[in-house]
Amino acid sequence: MLAGAGLLAALLTGCASASEPDVAKVATAFEDPSGDAQARCDLLAPATLATFQSDSSAPCADALGDVQLPGGEVSSVEIWGGDAQVRLGSDTLFLTRTDTGWKVTAAGCQSRGQEPYDCEVDGP
Amino acid sequence: MTTVKEPGYGFVRNNALSLAFGALFLITLVGQAISGVADFNAQQVTDGLPQVGFLDYVTSSSFAVDVMENWQSEYLQFLLYILATVWLVQKGSSESKDPGDEGPESDKEQRIGRHAPVDSPAWARIGGWRTAVFSRSLGLLMGVLFLLTWAASAIAGWAAFNSQQLGQRQDPVTFVGYLGQADFWNRSFQNWQSEMLAVGSMAIFAVYLRQRGSPESKPVGVAHADTGQTG
């Protein structure tokens, strides 16, 4: 019984931990202020990119510089299924797994306790 | 001793009931997987997220919890029914013993130990702890399967819940934290209540209604008050 439960837990968490470096790399690259703006925009999930450009009324690469993204060191990565959360410096990012790798669905997020995070960049 | 009416029956006809339900189980599980991935992807499109493939879906926590939460309730149903029918009767029901027969019954009635006939299973004849275990093996297996599938349901449910939390820009919770979440208990209770309804309904319906030829029913002409007969 416990072996079965343990196997399921190992399967779920083992698959997740193997993706941690990829998730951390995407989050770090997106928050790197010295990175190429277009390359950083390419790390956004399509729905988030569309919403961000619509809300900003400008192409992503132009609007990204106006957003407060403090960057910093990755302090924790949580991966559950096709979703991930990265704590980076004082910021929190959310990512999703796509056919072309992990993409940022929300960034510049601040905790509001039990409420959903308040994010500078977010999807619909 | 059971009288074999059809000694010429091969493996398939002798095991037709188990094989038929085994096949139906696999067909309906595939049906759940196909409809499940379609439903999951419809939600992904609504959320502006990429769709997932069939293999990714059937290995996901979302599919695992949907399967396990149903399995655990089925095994709980059989566990409770097996144990409850030792001590509780329903007068007139083919699902029940006769009133007055409540309890584990005597060794003679159960044909164990020195009362065991020659074709009894070895552990029914041998006495001691092995006969004690074998005497409860059906309930024990159902109990173990219930705990195993409920644990699997909790773990898969935890993973699915945390994935959903992240999708909603909320923090994931610990396993112990998940066990205190409404999601876990709602999944459990909504399955349990339907199982209790099903067995309770069957116990009482079997008093007044018949299904000709089914051992789950009394013979058609047997009185409503007659308990424990199967036809």
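Whatever comes next refers back to the structure up there.
Notes on the structure in this doc start here. Fair warning: this is a prediction, and the values are worked out from it, not measured in the lab. (Residues numbered from 1 in each chain as written. Chains lettered and ligands numbered in written order. Predicted model: local features only at pLDDT ≥ 70, side-chain atom pairs only at ≥ 80, totals over all residues. Heavy atoms only, no water.)

**With respect to the interface of chain B and chain A**
In this complex, chain B contributes 23 residues to the contact, which on the side of chain A involves 29 residues. Between chain B and chain A, a total of about 2,000 Å² is buried, with carbon and sulfur atoms accounting for 70% of that surface. Counting the contacts that link chain B with chain A gives eight residue pairs in polar contact (both at pLDDT 80 or more). At 13 residues, helix α8 (residues 137–167) of chain B tops the list of elements feeding residues into the side of chain B that touches chain A. (Contact = heavy atoms within 4.5 Å. Buried area = accessible area lost by both parts, 1.4 Å probe. Polar contact = N/O pair within 3.5 Å; in protein donor to acceptor, adjacent residues only side chain to side chain. Helix = DSSP H or I, 4+ residues; strand = E, 2+ residues; numbered from the N terminus.)

**Examining the state of the cysteines**
Residues and elements named next belong to chain A. For the structure on display, the rule yields two disulfides over all chains. The disulfide bridge from C41 ends at C60, spanning 2.0 Å between sulfur atoms. On the sign convention where negative means left-handed, the S-S torsion of about -90 degrees between C41 and C60 marks this disulfide as left-handed. You can see C41 sitting in helix α3 (residues 37–41) and its partner C60 sitting in helix α5 (residues 60–63), a full 19 residues away along the chain. We note that C41, like C60, is buried. With its sulfur 2.2 Å from that of its partner, C109 forms a disulfide with C119. Of note, the bridge from C109 to C119 carries an S-S torsion of about 110 degrees and is right-handed in sense. With C109 in strand β4 (residues 101–112) and C119 in strand β5 (residues 115–121), this residue pair connects regions lying 10 residues apart in the sequence. Judged on exposure class, the residue C109 and its partner C119 are both buried. (Disulfide = S-S within 2.5 Å. Buried < 20%, exposed > 50% of the residue type's maximum accessible area, 1.4 Å probe, protein only.)

**Focus: the sheet that holds strand β3 (residues 91–98) of chain A**
Residue and element names in this part refer to chain A. Ordered by their spatial adjacency, five strands build an open sheet running β1-β2-β3-β4-β5, and the pairing between neighbours is antiparallel. The sheet is open, and its two borders are formed by β1 (74–80) and β5, each paired with just one other strand. Averaged over all neighbouring strand pairs, the angle between strand axes comes to 35 degrees, with direction disregarded. Where β4 meets β5, four bridges bridge the pair, whose relative direction is antiparallel. Within β5, the position partnered with Q110 by the bridge is D118. (Pairing = 2+ DSSP bridges. Axes fitted to C-alpha atoms, helices over the stretch in contact; angles between N-to-C directions.)

**Observations concerning the nonpolar core**
Among the nonpolar cores identified, the biggest contains 25 residues, and A:V23, A:F30, A:F52, A:L93, A:L95 and A:V104 are the most heavily contacted of them. Elements that contribute at least two residues to this core include exactly α2 (20–31), α5, β1, β2 (83–88), β3 and β4 of chain A. Among the elements that make up this core, the one with the highest residue count is α2(A) (five residues). Counting 18 residues, the second-largest nonpolar core is a separate cluster that includes B:F146, B:A154, B:A159 and B:V173. (Core = buried A, V, L, I, M, F, W, Y, C linked by side-chain atoms within 4.5 Å.)

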